[in-house]
Amino acid sequence: MKVVVSIGGSVLVPSVGSDRVAAYAAVLEDLEAAGHDLGVVVGGGPTAREYIEAGRDLGANEIELDQLGIAVTRLNARLLIAALEDSATPVPPEDHETARAALQRGDLPVMGGTEAGHTTDAVGTALAEYVDADLLVYATSVPGVYDADPNEDPDATRYEELTAAELVSLVGDLEVDAGSNAPVDLLAAKLLQRSGMTAAVVDGTDPANLRAAIDGDHDGTTILPDES
Ligand code: UTP
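Okay, so let's go over this structure.

**Quick look at the pairing of strand β4 (residues 135-140)**
Side-chain positions along a regular strand alternate between the two faces of the sheet.
Here's step 1: Most of β4 is tucked away, with six of its six residues classed as buried.
Here's step 2: Burial along β4 is two-sided: the residues L135, V137 and A139 and L136, Y138 and T140 are all buried.
Here's step 3: Note that strand β1 (residues 2-7) and β4 share five bridges and pair parallel. The partner of V3 across the bridge, within β4, is L135.

Below, the structure is given as structure tokens:
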């Protein structure tokens, strides 16, 4: 199966350290060994937020703040590359063409961000669309898509399945400022909708959920194409 995985920085690098990165690398290597073709996009997490906050205090504009965030996503991508065996690209591809070429060679592209104005969820979604992935997995800090913020509302309910159109309307109101906390940004949701791909939003704090998502046996939210 061809799978693109968008790993939130807050689950891969909750603080700068090696344990979670090593655990993710081990799962990705197992999945590769099982014959899956993988592409990975890594987020910036709390470190990106700290840089963005500091930059905002210093008067940087939103594009400059996005550029700080992108730099951190690429740092995190390099950490994952360090943990992977030789199959990973030696540096994070900075555009989708380079990442697709790596996948076509049989390598594992590990990207960070690309351009200002969106998050790595959008980068992952565009990569999945570009390489005709069979499945896109968002490994996030929230174990699925909920009807309210589960960290703030004890009655928040997880959707087992949503159509892409339903996802678009759910995330539509969330802000897109640099460092925004949205689980999947609006651009990602819209790219997913037009692509007609199937996606899974899973709890990324346990990398084993990647395998569960690929096996179609996960506890998160499945996003189905609208026509389904
Ligand atoms: P993330 O993709 O990490 O966003 O990019 P996030 O929503 O904070 O996700 P988590 O916490 O990792 O799960 C961090 C910031 O970097 C900039 C944006 O400002 C984003 O909020 N960024 C990232 C871009 O501008 N373009 C990109 O392609 C990627």
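Still to come is the rest of the account.
**With respect to the packing of aromatic side chains**
The geometry of an aromatic ring pair is captured by the separation of the ring centres together with the interplanar angle, meaning the angle of the planes.
Here's step 1: A complete count under the given rule lists zero aromatic pairs for this structure.
Here's step 2: The aromatic ring of Y130 is capped on one face by R100, whose charged end is 4.2 Å from the ring centroid.

**Considerations on a negative patch on the surface**
Here's step 1: A cluster of acidic residues, E160, E161, D215, D217 and D219, forms a negative patch at the surface.
Here's step 2: Topologically, E160 is positioned in the loop between β4 and β5 (161-163).
Here's step 3: Residue classification places E160 among the exposed positions, given a relative accessible area of 59%.

**Observations regarding the packing of helix α7 (residues 164-171) against helix α8 (residues 186-195)**
Here's step 1: Packing of α7 against α8 brings their axes to within 9 Å, and their N-to-C directions diverge by 165 degrees. On the basis of their axis angle, the class for α7 and α8 is roughly antiparallel. Pair α7 / α8 crosses with left-handed handedness. Counted together, A164, A165, L167, V168 and V171 of α7 and L186, A189, K190, L192 and Q193 of α8 form the full contact between these two elements.
Here's step 2: The residue makeup of the contact of α7 with α8, split by class, is eight nonpolar, one polar and one charged.

Rules and cut-offs
Residues numbered from 1 in each chain as written. Predicted model: local features only at pLDDT ≥ 70, side-chain atom pairs only at ≥ 80, totals over all residues. Heavy atoms only, no water. Buried < 20%, exposed > 50% of the residue type's maximum accessible area, 1.4 Å probe, protein only. Helix = DSSP H or I, 4+ residues; strand = E, 2+ residues; numbered from the N terminus. Pairing = 2+ DSSP bridges. Phe/Tyr/Trp six-rings, centres within 6.5 Å; stacked < 30°, edge-to-face > 60°. Lys NZ or Arg CZ within 6 Å of the ring centre and 35° of its normal. Patch = residues over 30% accessible without salt bridge, like charges linked within 9 Å, V, L, I, M, F, W, Y side chains within 5 Å. Areas by Shrake-Rupley, 256 points an atom, 1.4 Å probe, with all protein chains shown as cover. Salt bridge = Lys/Arg side-chain N within 4 Å of Asp/Glu carboxyl O. Lys, Arg positive; Asp, Glu negative; His and termini not counted. Charge placed at Lys NZ, Arg CZ, Asp CG, Glu CD. Axes fitted to C-alpha atoms, helices over the stretch in contact; angles between N-to-C directions. Parallel < 35°, antiparallel > 145°, perpendicular 65-115°, else oblique. Left-handed = near helix turned anticlockwise from the far one by under 90°. Contact = heavy atoms within 4.5 Å. Nonpolar A, V, L, I, M, F, W, Y, C, P; charged D, E, K, R; others polar.

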